[in-house]
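# A closer look at the structure
Residue-level listing of the chains:
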Number of protein chains: 2
Amino acid sequence: MSIQKLVENIKAKGNPTVAGLDARLEYIPECLVEDIRKEHGATLEAAAMAMLRFNKGLIDALYDIVPAIKPQAAYYELLGPAGASILKETISYAQEKGMYVIADIKRNDIGATASAYAEAYLGKSNVWGEELPVYNCESATVNAYLGTDGIEPFLKECRAREKSIFVLVKTSNPSSGEFQNRDMEGKPLFVRVAEKMNEWGEGLDTPCGYNQVGAVVGATYPEEQKIVRSLIPKAYFLVPGYGAQGATAKDIANAFNDDGLGAIVNSSRGIMCAWKKTNNNGTDYQEAARAEAIRMRDDIVSAI
Amino acid sequence: MSIQKLVENIKAKGNPTVAGLDARLEYIPECLVEDIRKEHGATLEAAAMAMLRFNKGLIDALYDIVPAIKPQAAYYELLGPAGASILKETISYAQEKGMYVIADIKRNDIGATASAYAEAYLGKSNVWGEELPVYNCESATVNAYLGTDGIEPFLKECRAREKSIFVLVKTSNPSSGEFQNRDMEGKPLFVRVAEKMNEWGEGLDTPCGYNQVGAVVGATYPEEQKIVRSLIPKAYFLVPGYGAQGATAKDIANAFNDDGLGAIVNSSRGIMCAWKKTNNNGTDYQEAARAEAIRMRDDIVSAI
C-alpha cells in the first residue's frame, strides 16, 4: 500500500509537501565542508561525504514534519560512484526515520531494460539466485515516451511490492509545451499520456482512494493541472516548480481534490538553501530548513 | 569532433556496428564467475566484479574490429554503487583501447537538472572549483519529452567538448507507436521530434558531414527509418533492435545514407551470449563474441 503510506504520512503531519534533496555542492554550508575538504581534497568522494552529512542533517531537521523526500538522481550521478553510494545511504536514512522516498529518476527504456530500472529502484536485484535490495525506494518517476512496454515493468513492482510511480505528464520547465502541449489527434500530448494512465492504474487501487500510478504535473502550469486533475482523479500528483521555479501556493490549488488530498508539492532549493537568507553562514541550516518547511506547509495548506 | 571520431573508427574498421554492453549476470559464463562467487558470496559487489571481468574480456576480444561500445546504464544501476564503479571502469578501459563510448542513459529533465546529467556523462563535475571528469563518455542517449530546455545542456557539452548525443526518435519496442506514431498536428510525434533536431544540430556540424546530434531509430521499424533518414540527413543514427529483437540486416538498410555511412547498428545479447551457442561452457566466450561481431559486420555491410 505504498501510496496509502504516503497519504497516511501526509495526513499525520498535516503537510502535503516533499523535500527535494538535490545533491548540489553549492547548497552545502561551508561549515559542513571545511574539515572534509581539508582532509580529502577536492575529490568526488569528498564531495559525496559532505553531501551525505548535509542530507542527514536535513532529514534530522525535517522528518517529524515533512512526509517524504525526493532525491534527484542527476546530482548524485554527477558525483560518480560515490554519489551512488550516498544516494543509497540517504534513502535508507530517510526510511529509518519513517519518510516516504520518491526517486526522481525519470527513467525510460524498452521492456527488458525498463525491468532493470524498476528492479534497481523499486524491486530487487537477482544475484545468482539471491534477491538483494538495491536502492529500494517507495516510488520513482518515469517517462512514458516509449509507451506501455516501458511502463509495465514498473507496474509489475507496484503490484508485487506495493510500490508507486509518478509518470511525467506535464513538466514544470518553460519548454515543456514544445511537445507536451501540441495537439495529438484532438487533444494535447500531455492529455494523451494522462488518458493512458487510467489503463496503467487498473488493479492498482488502494484503500485511501488513490492508485499507485501518479502523475508529475508542474506547479508552473495551473490550467494544465486542472485538466489532468479531472481526467485522472485517482492519481496522486507530484508537483514540482513551487518556489524557486516561480509558482505560488495559489498556482498549485488545482492539483488537489476536494478531499484536500491528491497532490504533494516539492521544494528543493527553498528548503536546502534556506540558511542562505539568515546570515549565519549556514551554522543554523537545520533551523532554517525547518522554518522554511513550516512556512511552505502553512502557505500551501492555506491555499487548498 | 566527436561524431567525426566515430565515423573515423567506423571507416578504419569497415564496421558500422556497436557492441552493447548490458551488464546482465545471466550473460556471463560460469567460468568467469566461479572463483569470485566462492570468495565473496552472492553480493552486488561480487556481481559487479564478475561483470567487469567479462566486459574487459569482451573489449579485449573486440576492440580492433568494433568501433564502439554502448553500455546500458540500467543494468549497471541494478548492481547498485558497485555497478556505477564498474560502469566507469568499463568506459575508461574501452577508451584506452580506442573505442568510442555511447552511454545509453535516455536521460531527461528540466534545464538545471539536465545540466547535471550532461556534466556527469559528457562533461565534468565542479567540486569546490576543481573540474573533475565523472563518466566522461563520447556520447549519450537522451529523451526529448521535456523539449529544448532538457536538451540544451547536452548541446552545451557537445559545443564545449566536442561530444555527441543521440535523441530518442523512434524506439525499437513493440509499444513505441502508442505515442510516437500518433498524429501531432499533421505528422507523427516521432517526425516532430526529428524536425526539432534540425534546430538542435545547428552549429554542430563536423567535417565528416554529420553533426553531433544523432537519433535513436529502431531497426524494427524500417519505414519510419526511411522517413527520419530523409528529414535529418546530417544526423547519425543509433540503431537498436538488430538480432535479438528480430530485425535483420535488410531491415536496417534504410538507416544508411548513399555514402554507406549515417548509422551504427547495436548488438548486445547477440555478441555477449555468442558463447552459449558453441557448447564449450563459455570458455571460448572471447572467440565466440569476436566471430559473432565479424558475422554481424559482414551481414550488415553486405546489405548497405
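Reading guide: rules and limits
Residues numbered from 1 in each chain as written. Chains lettered and ligands numbered in written order. Predicted model: local features only at pLDDT ≥ 70, side-chain atom pairs only at ≥ 80, totals over all residues. Heavy atoms only, no water. UniProt positions renumbered as here; feature names shortened; annotations may be inferred. Phe/Tyr/Trp six-rings, centres within 6.5 Å; stacked < 30°, edge-to-face > 60°. Helix = DSSP H or I, 4+ residues; strand = E, 2+ residues; numbered from the N terminus. Buried < 20%, exposed > 50% of the residue type's maximum accessible area, 1.4 Å probe, protein only. Lys NZ or Arg CZ within 6 Å of the ring centre and 35° of its normal. Polar contact = N/O pair within 3.5 Å; in protein donor to acceptor, adjacent residues only side chain to side chain. Contact = heavy atoms within 4.5 Å. 1 Å grid on protein atoms, 1.4 Å probe; cavity = no way out; pocket = protein on both sides within 12 Å on 5 of 7 lines; lining within 4 Å. Points joined across faces, edges and corners; volume = space filled by probe spheres on them. Nonpolar A, V, L, I, M, F, W, Y, C, P; charged D, E, K, R; others polar. Axes fitted to C-alpha atoms, helices over the stretch in contact; angles between N-to-C directions. Parallel < 35°, antiparallel > 145°, perpendicular 65-115°, else oblique. Left-handed = near helix turned anticlockwise from the far one by under 90°. Pairing = 2+ DSSP bridges. Buried area = accessible area lost by both parts, 1.4 Å probe. Salt bridge = Lys/Arg side-chain N within 4 Å of Asp/Glu carboxyl O. Least-squares fit on C-alpha atoms with pLDDT ≥ 70 in both.

With an unreviewed UniProt entry as reference, chain A is termed Orotidine 5'-phosphate decarboxylase, source organism Candidatus Butyricicoccus avistercoris. Turning to chain A, the UniProt annotation filed under Pathway (unreviewed entry) states: "Pyrimidine metabolism; UMP biosynthesis via de novo pathway; UMP from orotate: step 2/2." The record in UniProt for chain A states the following under Catalytic activity (unreviewed entry): "orotidine 5'-phosphate + H(+) = UMP + CO2".

### Overview of the packing of aromatic side chains
Taken as a whole and judged by the stated rule, the model has 6 aromatic pairs over all chains. Consider the rings of Tyr121(A) and Tyr135(A), whose centres lie 5.0 Å apart with planes at 10°: the pair is stacked. Of this pair, Tyr121(A) sits in helix α6 (residues 111-121) while Tyr135(A) sits in the loop between β5 (130-133) and β6 (139-142); the two residues are 14 residues apart in sequence, bridging distant segments of the chain. Accessibility classification places Tyr121(A) together with Tyr135(A) in one group, the buried group. When the ring of Phe54(B) is compared with that of Tyr285(B), the centres are 5.3 Å apart and the planes differ by 50°; the resulting orientation is tilted. Of this pair, Phe54(B) sits in helix α3 (residues 44-62) while Tyr285(B) sits in helix α13 (residues 285-303), and the two are 231 residues apart along the sequence. An identical accessibility class is assigned to Phe54(B) and Tyr285(B); each is buried. The cationic tip of Lys170(B) hangs over the ring face of Tyr221(B); the distance from NZ or CZ to the ring centre is 3.9 Å.

### A few points about the side chain of Gln4(A)
All names here are of chain A. Here Gln4 is to be found in helix α1 (residues 2-13). In this structure the side chain of Gln4 is engaged in a polar contact, spanning 2.7 Å, whose partner is the backbone nitrogen of Cys208. Non-local contacts of Gln4, meaning those with residues more than four positions away in its chain, are made with Thr206, Pro207 and Cys208.

### Considerations on empty space enclosed by the protein
If you roll a probe as big as a water molecule over the atoms, it shows you where there is empty space left. Under the defined criterion, the tally for this structure stands at 1 cavity of 30 Å³ or more. If you add up the space inside the largest cavity, you get close to 160 Å³. Looking at the largest cavity, it is lined by 20 residues, and the ones nearest its centre are Glu77(A), Ala84(A), Tyr135(A), Glu77(B) and Ala84(B). If you list the elements that add at least two residues to the lining of the largest cavity, you get α4 (73-77) and α5 (80-96) of chain A together with α4 (73-77) and α5 (80-96) of chain B. Here the residues of the lining of the largest cavity are counted per class, giving 12 nonpolar, 4 polar and 4 charged.

### A short note on the packing of helix α2 (residues 30-40) of chain A against helix α3 (residues 44-62) of chain A
In helix packing, the relevant descriptors are the interaxial angle and the interaxial distance, both defined with respect to the helix axes. All names here are of chain A. The interhelical angle for the contact between α2 and α3, taken along N-to-C directions, is 155°, at an axis separation of 9 Å. Classified by the interaxial angle, the pair formed by α2 and α3 is roughly antiparallel. For the element pair α2 and α3, the recorded crossing hand is right-handed. Residues Leu32, Val33, Asp35, Ile36 and His40 of α2 form the contact with α3, whose own contacting residues are Ala46, Met49, Ala50, Arg53 and Phe54.

### Some details on the environment of Tyr117(A)
Here Tyr117(A) is to be found in helix α6. Spatially, the C-alpha atom of Tyr117(A) lies 9.9 Å from that of Val142(A), the residues being 25 residues apart in sequence. Other than its neighbours up to four places away in sequence, Tyr117(A) contacts Arg107(A), Asn108(A), Asp109(A), Phe154(A), Gln72(B), Ala73(B), Ala74(B), Glu77(B), Asp104(B), Ile105(B) and Arg107(B). In this structure the side chain of Tyr117(A) is engaged in a polar contact, spanning 3.3 Å, whose partner is the side chain of Arg107(B).

### What to know about the sheet that holds strand β2 (residues 68-71) of chain A
Residues and elements named next belong to chain A. Read around the barrel, 8 strands follow the order β1-β2-β3-β6-β7-β10-β11-β12 and close on themselves; strand pairing throughout is parallel. With strand direction ignored, the average angle separating the axes of adjacent strands in the sheet is 30°. Inspection of the sheet shows strand β3 (residues 100-107) paired to β6 by 3 bridges, in the parallel sense. Looking at the pairing, Ala103 lines up with Ala140 of β6.

### Quick word on the interface of chain B and chain A
Counting residues at the interface gives 76 residues for chain B, matched by 76 residues for chain A. Of the roughly 6200 Å² buried between chain B and chain A, counting both surfaces, carbon and sulfur atoms make up 61%. Contact with chain A buries area across many residues of chain B, yet Trp128(B), Tyr145(B) and Phe179(B) alone supply 16% of it, more than any other trio. Linking Arg182(A) and Glu185(B) is a salt bridge whose minimum nitrogen-to-oxygen distance equals 3.1 Å.

### Brief notes about the UniProt feature "domain: Orotidine 5'-phosphate decarboxylase" (unreviewed entry) in chain A
Residues annotated by UniProt as "domain: Orotidine 5'-phosphate decarboxylase" (unreviewed entry) correspond here to residues 16-297 of chain A. Helix makes up 44% of residues 16-297 of chain A and strand makes up 20%, while its end C-alpha atoms are separated by 7 Å.

### Here's the deal with the relation of the copies chain B and chain A
Superposition record for chain B on chain A: RMSD 0.0 Å, screw rotation 180°, translation along axis 0.0 Å. A rotation of that kind, with that shift, is consistent with a two-fold axis. Closest approach to the rotation axis within chain B is made by the C-alpha atom of Met184(B), at a distance of 2.2 Å. With an isologous cut-off of 70% or more, the 100% of interface residues of chain B that recur at the interface of chain A puts this contact in the isologous class.

### What to know about the pattern of salt bridges
Applying the stated rule across the entire model yields 42 salt bridges over all chains. Where Arg107(B) meets Glu77(A), a salt bridge forms, and the shortest distance between an N and an O atom there is 2.9 Å. Taken together, the residues span two chains, with Arg107(B) in strand β3 (residues 100-107) and Glu77(A) in helix α4. When sorted by exposure, Arg107(B) lands in the same class as Glu77(A), which is buried. Note that Glu26(B) and Arg24(B) form a salt bridge whose closest N and O atoms lie 2.9 Å from each other. The class for Arg24(B) is buried, based on a relative accessible area of 19%. One continuous salt-bridge network, built from bridges that share partners, spans Lys70(A), Asp104(A), Lys106(A) and Asp109(B).

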